[in-house]
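# Architecture at a glance
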Amino acid sequence: MGKGRTIALVDPYGAVNDLGKAFRDAGLDCVRVQSTPEVPPSYGPADLTGYSDNIVHDGDFDHMVARLAEVGPTAVVVGSELGVEFTDQLGEALGLPGNGTALSEARRDKFVQIETLRAAGLPTTRQIRVDDPDGLAAWHRETGGRIVVKPVRSARNDGVSFCDTPEQSRAAYHRIMSRNSVFDVPNEGVVAQEYLSGTEFVVNTVSCEGHHRVTDMWRYQKITVNGMRDRINGMTSLSPTDPDWDSVAAYSYATLDALGIRFGPVHLEVMQTDDGPRLVEAGARLCGADVARYAVLLTGESQVDRTVQAYADPERFAAEHRKPYALDNHGAMAFFASPVEGVLRSYPHAHLIEELESCVGLRLRFTPGERLVRTTDDESEPVVVGLIHPERSVLLQDFATVCYLDGFGFYDLEPER
């Protein structure tokens, strides 16, 4: 891995700053690399706490490489989705261990990603990249049924639409192409895919020198709410003894190989269909939503600490990458959806969640006095609850209780004048 003890962390926005702290706790220095002149508004202001330097890309890549070479990093590590390709470019230019640029586009472009898996012989969903709404509508008529329409490059389910008619697909195309992505840049294109029926899983992994480890796996729960189909309102953890574990994990490992993943964290979403697993999409970066914190309570590890180990102690990673988890707990996370909007007065039933035996976290994203908005996307999600317990029956009962409490009675609003 080289003699240096410095990690260059690219675009470490939001919860990814925990990765920088974890590297520092392991005795490595961290410099922050910003791939764009400005931080996208959706990420909020940059947090420079603990970084020895902040290197901002000025548009001259050679200059950027030279500035980073002066620092002499051990590795260039991806932070958020925005920095995936830039991380690959910097690492390759500096001759550092990484995933290289040969398949970099496949790790960001959702259409290229699926086609790369298909070329590798993996079963995939049918899809098309469209350049105009008429072509999309025609493909939908030919395909029939429900399809998924989304930007080729984005994150956080931004712009994803489930469409039952060609007219809905046409409208989804116009919505995507008429606005900027979550990264505050124009959307580059639209991909349409067949709608996959089945059970969807989250698979979080870390790789080191081609060795892959699943740090945590979850099963999504979905509802239809506020006009949104397949809104993810929660997820429950999977144990390695679960009947779906082996097939989903094997497909995930094959996906990592097909996408050229040799180092670092990856967040995969995999649908278990009647015909077997199919990739929904993969992000070559950490999972968000504070999942790493709950994963540690669940399994004794997370993507964060295994990522640090992959770069700081690759020999130990290789020795442990197939060992059982240190803990055997059961976990769930609930993602609330407000059906109402207005000035928030209180959460009158929040204490009922905090009193549950398995509750380990309750995050309220809107505080009293703020205007609560009706939930239509991840950004307007008002409450996140984390549950962990050694007994699965207790965990599932508490999770059902939490999902029951979410709804019209959970939000007390100021009377509208």
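Residues numbered from 1 in each chain as written. Predicted model: local features only at pLDDT ≥ 70, side-chain atom pairs only at ≥ 80, totals over all residues. Heavy atoms only, no water.

In the annotation of an unreviewed UniProt entry, the protein is listed under the name Biotin carboxylase and assigned to Streptomyces candidus.

## Here we look at the sheet that holds strand β1 (residues 6–10)
Taken together, four strands build an open sheet; the order of strands is β3-β2-β1-β4 and the sheet is parallel. The sheet terminates laterally at β3 (53–56) and β4 (75–78), the two strands that pair on one side only. For this sheet, the mean angle separating the axes of adjacent strands, direction not counted, is 25 degrees. In terms of strand pairing, β1 meets strand β2 (residues 29–34) through five bridges, oriented parallel. Bridge pairing in β2 places T6 opposite D29. Along the sheet, helix α3 (residues 84–93) contacts β1, β2 and β4; its crossing angle with β4, the most-contacted strand, is approximately 170 degrees. (Pairing = 2+ DSSP bridges. Helix = DSSP H or I, 4+ residues; strand = E, 2+ residues; numbered from the N terminus. Axes fitted to C-alpha atoms, helices over the stretch in contact; angles between N-to-C directions. Contact = heavy atoms within 4.5 Å.)

## Digging into the packing of aromatic side chains
All chains considered together, the criterion is met by 11 aromatic pairs. Measuring from ring centre to ring centre gives 6.0 Å for F61 and F86, while their planes differ by 75 degrees; the resulting arrangement is edge-to-face. Within this pair, whereas F61 is found in helix α2 (residues 61–71), its partner F86 is found in helix α3, the two being separated by 25 residues in sequence. With a relative accessible area of 25%, F61 lands in the partly exposed category. Looking at F86, the relative accessible area reads 9%, which means it is buried. With a centroid separation of 6.3 Å and an interplanar angle of 85 degrees, the aromatic rings of W245 and Y325 are classed as edge-to-face. Of this pair, W245 sits in helix α7 (residues 245–258) while Y325 is found in the loop between α10 (314–320) and β14 (330–335), placing the two residues 80 residues apart along the sequence. Taken together through their ring pairs, the aromatic side chains of F336, Y347, F410 and Y411 make up a single cluster. Above the face of the Y51 ring, R24 is positioned so that its terminal group lies 5.1 Å from the ring centre. In this arrangement the basic side chain of R146 is found over the ring face of Y195, its NZ or CZ atom lying 5.0 Å from the centre. (Phe/Tyr/Trp six-rings, centres within 6.5 Å; stacked < 30°, edge-to-face > 60°. Buried < 20%, exposed > 50% of the residue type's maximum accessible area, 1.4 Å probe, protein only. Lys NZ or Arg CZ within 6 Å of the ring centre and 35° of its normal.)

## Side note on helix α9 (residues 303–312)
Among the 10 residues of α9, eight are classified as buried, and the element is accordingly described as predominantly covered. By the burial criterion, the buried members of α9 are Q303, V304, R306, T307, V308, Q309, A310 and Y311. By the N-cap criterion, in which a side-chain oxygen at the helix start approaches the backbone nitrogen of a residue two or three places on, α9 is capped by S302, the distance to V304 being 3.1 Å. (Polar contact = N/O pair within 3.5 Å; in protein donor to acceptor, adjacent residues only side chain to side chain.)

## Here's the deal with the UniProt feature "domain: ATP-grasp" (unreviewed entry) in the protein
Those residues carrying the UniProt feature "domain: ATP-grasp" (unreviewed entry) are residues 114–312 in this numbering. Annotated as residues 114–312, this span is 31% helix and 35% strand, and its ends, taken at the C-alpha atoms, are 32 Å apart. (UniProt positions renumbered as here; feature names shortened; annotations may be inferred.)

## Some points on the pattern of salt bridges
Here the structure, examined in full by the defined rule, presents 26 salt bridges. Salt-bridge contacts for R108 lead to E81; the nearest nitrogen and oxygen are separated by 3.1 Å. In this pair, R108 is assigned in the loop between α3 and α4 (110–119) and E81 in the loop between β4 and α3, connecting sequence segments 27 residues apart. We classify R108 as buried; its relative accessible area is 6%. (Salt bridge = Lys/Arg side-chain N within 4 Å of Asp/Glu carboxyl O.)

## Concerning the side chain of E269
Along the chain, E269 falls in strand β12 (residues 264–273). K150 provides the closest opposite charge to the buried, unpaired E269, separated from it by 6.8 Å. Separated by 2.9 Å, the side chains of E269 and Y220 make a polar contact. (Lys, Arg positive; Asp, Glu negative; His and termini not counted.)

## As for the nonpolar core
If you look at the biggest cluster of nonpolar residues, it comprises 27 residues, and the most contacted ones within it are M217, L268 and L279. Those elements that place two or more of their residues in this core are α4, β9 (199–208), β10 (211–225), α7, β12 and β13 (276–283). With seven residues, α7 is the largest single contributor of residues to this core. Once you skip the residues sitting within four places of it in the chain, L279 turns out to touch Q113, I114, L117, L196, Y251, T255, L268, E269 and V270. (Core = buried A, V, L, I, M, F, W, Y, C linked by side-chain atoms within 4.5 Å.)

## Overview of the domain arrangement of the protein
Domains assigned within the protein are domain 1 (6–100) and domain 2 (126–194). Inter-centroid distance (C-alpha atoms) of domain 1 to domain 2 is 31 Å. Taken together, the seven residues of domain 1 in the interface contact seven residues of domain 2. Of the roughly 580 Å² buried where domain 1 meets domain 2, counting both sides, 53% is carbon and sulfur surface. Counting every contact that joins domain 1 to domain 2 gives one salt bridge. The salt bridge involving E85 is made with R153; its shortest N-O contact spans 2.6 Å. The interface formed by domain 1 and domain 2 contains one residue pair in polar contact (both at pLDDT 80 or more). Here the residues of the side of domain 1 that touches domain 2 are counted per class, giving four nonpolar, one polar and two charged. (Domains from an automatic or database assignment. Buried area = accessible area lost by both parts, 1.4 Å probe. Nonpolar A, V, L, I, M, F, W, Y, C, P; charged D, E, K, R; others polar.)

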